[in-house]
Each structure stands twice: as C-alpha cells, then as structure tokens.
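# Structural description and commentary
Single-letter residue listing:
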Amino acid sequence: MDTKVLIIGSQGQIGTELTAYLTARYGAANVIESDIQQKNPSPCTFVALDATDKNAVYELVKKENIDTVYLLAAMLSATGEKFPDKAWALNMNTLFICLDLAKEKHIKKLYWPSSIAVFGPTTPRVLTPQFTVCEPTTVYGISKQAGERWCEWYHNKFGVDVRSIRYPGLISYTAPPGGGTTDYAVDIFHKALQQGSYECFLGPQTELPMMYMPDAIRATVELTEAEADKVKIRSGYNLAAFSFTPEQLAAEIRKHIPTFEIQYKPDFRQQIADNWPASIDDSVAREHWGWKPEYSLPQMCSDMILHLQEQYAL
Ligand code: AKB
C-alpha cells in the first residue's frame, strides 16, 4: 500500500499496538512513531515530538513525506478531571494543529479518536444510538465532543478527510492504559495474576461498553483505509463489542483463577462511569464501512490471561 503514516502519541495504550500493527502492514520504512519521550522499543523509526508544537509537527510531516496522521496524544477522563486546563489544552491544540495541516494539504488523511465520554447523563444509557443527546460532564468528554464538532466542520468547510471512532473502554496486555475510568478492566487482570485479588474503584454493578484491543486496532485501520464515500460520518462512529460490570468480569476471571477475590471501593471515577452508556448501538458503523467485532468477553478474558501468564512467567 502506498502510504506513509505518522502516529502521534505512539507510546500509549493504543499507540503501542497500532504502531506494531501498521509497521507489519506497511513496512517499517512507511511508519514513523512519535511521542514526548520513548519508553518502549520501536519496531519503526521513533521521533521525540511535542504534539502541541505546530512547527515541530509540520517539520516532521514535511521531512518524512507523511500523508496520514493518527493523532492519539490525549489526556483521558480521570486525569482530565484533576488537570482540566491541561487536558483541554492538550486535547484541543493537538487536534487543531493536525486539522490545519490537513486543511493546508500537508497531509491527506487524519485519524483522531473520540470516546463514549461524549455521552452524558441525558443520553439513553442502553444501546446508545449513533445520533443522540450528547451532554458530557467531564473535561475529557467535552473536549471529545467539541473535537467531533470541529472535525465535522473542517470536513464540511474545507474537505478535510478526517475519520474518528468513539472508543469504548479498551482492554490490552501490551502497554498499560493511563488515567481513564475504564482502566480497572485492565488493572484487574494484572492484580488477579500477581496477587489473586483486586480492589475495584467502581462498584460491582457498573456496566460499561468495552472492547479487546485487537478489535479496536482493526477497526481503526479499517475505518482509516475505507473508501472516502463510505465514511459518511465525520464526527465519530459508535463502536461496540461487549459490555460488562466489574462483578461479571470477576466471575469470568474466576473461570481461570477460581480463588480470585474482588473488593469494591468506588472513588470519584464512579460518578464518571455512572454518566456513560452501559451499551452502544454501532449499527451505523456496521452498515457504512462493514465493522464487525471478533472478540467476546470470554475470548478476551482467555487471551488476556494467556498473554499475561507468559509476561509474568507463571
Ligand atoms: C477513559 O476511560 O477515559 C477512556 C475512554 C472510555 O475514552 N478509556
């Protein structure tokens, strides 16, 4: 495939796996990964980059002849509530820099992640539709909702080819998530294997939409590579795989680790989760560009435990 991509924020939970996937798909010579600093080894070229520095992003795009940018740098929901001004500045400034690069035709395509955080307490919680009330209550959610509006505006006004998914909570074993409300669904596996027990920061009945990372990565690339006329929504697509509560996840983990114990100590993240959907209707993504998840909750659990047992040499 004739493309050269830049991943911004490549060392995070999504970026680590997207970088590996795209490197395997396009070849190391066609993928550049960038982040504020390098934490993990890179399968392609790594460039240290401050994504809020427009000139630095521009120089890198030009030097490397980039046509597609995956902009993943962001502050998530829980950390965003602690640092609202920093969350807003990071999440919005980086988006404007990339939208403007696309508007000025320095890049051809932009992928930017949205989130279920665009929804709020006035949104229907069960099978949340694609088009519905969006009154987010977190700074992260407000930034994602505003970002979606801006993406659509740049597309309508200047023809910017921007694509976006409203990710549910993402579960993976490679790189840890950072500062989200759905992070418990990753931490729980590490603690289950290392300690046999977990103290959960959400209550037992808190149902949230979730997805295994291989599905999320495949969706991201499928949407980014889709023919432009199939991408009829330029704000953010709803995407779903499965939903569960901490209690249901613990029961699934117990099928592999029968002695696993869970305690509940909800903190400020409970309120964030209570304002998010329990499940998502992703029929529009299925219809427009053929999205279909592959992993169920039991399949995700088995795969997570298998890989983490290897990591911890158990
Ligand atoms: C978070 O919990 O903030 C993220 C998200 C759902 O966007 N994982």
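Procedures and definitions
Numbering of residues starts from 1 in each chain and follows the order in which that chain's sequence is written. Under the rules for a predicted model, residues below a pLDDT of 70 receive no local features and side-chain atom pairs below 80 are neither given nor counted, while totals for whole chains, interfaces and linings still include all residues. With hydrogens and water stripped out, all remaining heavy atoms of the structure feed into the side-chain values. Secondary structure follows DSSP: runs of H or I at least 4 residues long count as helices, runs of E at least 2 residues long count as strands, and numbering of each begins at the N terminus. It is over C-alpha atoms that the radius of gyration is taken, and the globule rule equals 2.2 Å times the number of residues to the power 0.38. Working definition: with a 1.4 Å probe on protein chains only, accessible area under 20% of the residue-type maximum means buried, over 50% means exposed, and in between means partly exposed. Two residues form a contact once any of their heavy atoms are found within 4.5 Å. Methods summary: accessible areas were calculated by the Shrake-Rupley approach with a probe of 1.4 Å, and residue burial reflects only the protein chains presented. Near residues are defined by distance, with any heavy atom within 4 Å of the molecule or strand qualifying the residue. Here a polar contact means two N or O atoms within 3.5 Å. Within protein one must be a hydrogen donor candidate and the other an acceptor candidate, and residues neighboring in sequence count only if both atoms are side-chain atoms. Each domain's limits were defined by an automated method or a database of domain assignments. When two components associate, each loses some accessible surface as probed by a 1.4 Å sphere; the sum of these losses over both components is called the buried area. Think of a salt bridge as a Lys or Arg side-chain nitrogen and an Asp or Glu carboxyl oxygen that are within 4 Å of each other. Any residue outside Ala, Val, Leu, Ile, Met, Phe, Trp, Tyr, Cys, Pro, Asp, Glu, Lys and Arg is labelled polar, Gly included; the first ten of those are nonpolar and the last four are charged. Between N-to-C directions, angles cover 0 to 180 degrees, with each direction set by a line fitted to C-alpha atoms, over the stretch in contact for helices. With respect to orientation, any angle under 35 degrees is reported as roughly parallel, any angle over 145 as roughly antiparallel, any angle of 65 to 115 as roughly perpendicular, and every other angle as oblique. Handedness of a helix crossing follows the sense of rotation of the near helix relative to the far helix, less than a right angle counterclockwise being left-handed and clockwise being right-handed. Strand pairing requires that DSSP identify at least two bridges connecting the strands. Note on disulfides: each one is a pair of cysteine sulfur atoms within 2.5 Å.

On to the overall build of the protein. Check the secondary structure of the protein and you find eleven helices and 14 strands. Over its C-alpha atoms the protein spans a radius of gyration of 19 Å, differing by no more than 12% from the 20 Å that the globule rule assigns to 314 residues. Principal-axis analysis of the C-alpha atoms gives the protein an extent of 55 × 45 × 40 Å. Sorting the 314 residues of the protein into buried and exposed places 56% on the buried side. Restricting to contacts in the protein with at least 6 residues of sequence separation, those with at least 24 account for 79%. For the protein, the accessible surface area stands at approximately 13200 Å², while carbon and sulfur atoms represent 51% of it.

Taken together, L76, S77, S115, I116, Y140, G180, T181, T182 and W276 are the residues near the ligand. Between Y140 and the ligand, the recorded distance is 2.7 Å, taken from a side-chain N or O atom to an oxygen atom. Contacts to the ligand include T181, whose backbone N or O atom sits 2.7 Å from an oxygen atom. Within the complex, the protein chains bury 93% of what would otherwise be the 260 Å² of accessible surface of the ligand.

Further remarks concern the side chain of T128. You can see T128 is positioned in the loop between β6 (114–115) and α5 (139–158). If sequence neighbours within four positions are ignored, T128 has contacts with F119, T123, N238, P277, S279, I280 and D281.

Next up on the list: the domain arrangement of the protein. Its domain assignment divides the protein into domain 1 (5–169 + 214–221) and domain 2 (170–210 + 241–311). On a C-alpha basis, the centroid separation for the pair domain 1 and domain 2 is 23 Å. Residue-level contacts link 33 residues of domain 1 with 36 residues of domain 2. When the buried surface of domain 1 facing domain 2 is broken down by residue, Q13, R125 and G169 rank first, second and third, together holding 24% of it. Between domain 1 and domain 2 we count one salt bridge in total. A salt bridge links E294 to R218, with the nearest nitrogen and oxygen atoms 3.8 Å apart. At the junction of domain 1 and domain 2, the tally comes to 19 residue pairs in polar contact (both at pLDDT 80 or more). Looking at the side of domain 1 that touches domain 2, the elements with two or more residues in it are α1 (13–26), α3 (77–82), β8 (165–167) and α7 (213–225). Split into classes, the residues belonging to the side of domain 1 that touches domain 2 amount to 16 nonpolar, eleven polar and six charged.

Along the polypeptide, K144 turns up in helix α5. Leaving out residues up to four positions away in the same chain, K144 has contacts with A74, W112, P113, S114, S115 and V118.

Our focus in this paragraph is the packing of α1 against α7. Remark: α1 packs on α7, axes separated minimally by 10 Å, with the N-to-C direction vectors making an angle of 60°. Regarding the angle of α1 to α7, the classification is oblique. Where α1 crosses over α7, the two elements pack in a sense that is right-handed. Contacts between α1 and α7 involve Q13, I14, E17, L18, Y21, L22, R25 and Y26 from the former and M213, I217, R218, T220, V221 and E225 from the latter. Here the contact of α1 with α7 is built from residues that sort into eight nonpolar, two polar and four charged.

On to the sheet that holds strand β9 (residues 169–171), then. Taken in spatial order, the three strands make up an open sheet running β9-β11-β13, and their pairing is mixed. Among the strands making up the open sheet, the edge pair consists of β9 and β13 (242–244). With direction set aside, neighbouring strand axes in the sheet form an average angle of 45°. Judged from the three bridges that link them, strand β11 (residues 208–212) and β13 form a sheet pairing that is antiparallel. Of the residues in β13, the one forming a bridge with M210 is F242.

What follows deals with the packing of helix α8 (residues 246–254) against helix α11 (residues 297–311). At a minimum axis distance of 10 Å, the contact between α8 and α11 shows a crossing angle of 55°. As far as their axial angle goes, α11 and α8 are oblique. As α8 packs across α11, the resulting crossing turns out to be right-handed. Seen from α8, the contacting residues are L249, E252 and I253; seen from α11, they are L297, P298, M300 and C301. The residue makeup of the contact of α8 with α11, split by class, is six nonpolar, no polar and one charged.

Inspection of the entire model under this criterion finds zero disulfides. Sulfur of C134: no disulfide; nearest cysteine sulfur belongs to C151 and is 14 Å away. Here C151 is not cross-linked by a disulfide; its sulfur's nearest cysteine counterpart is in C98, at 10.0 Å.

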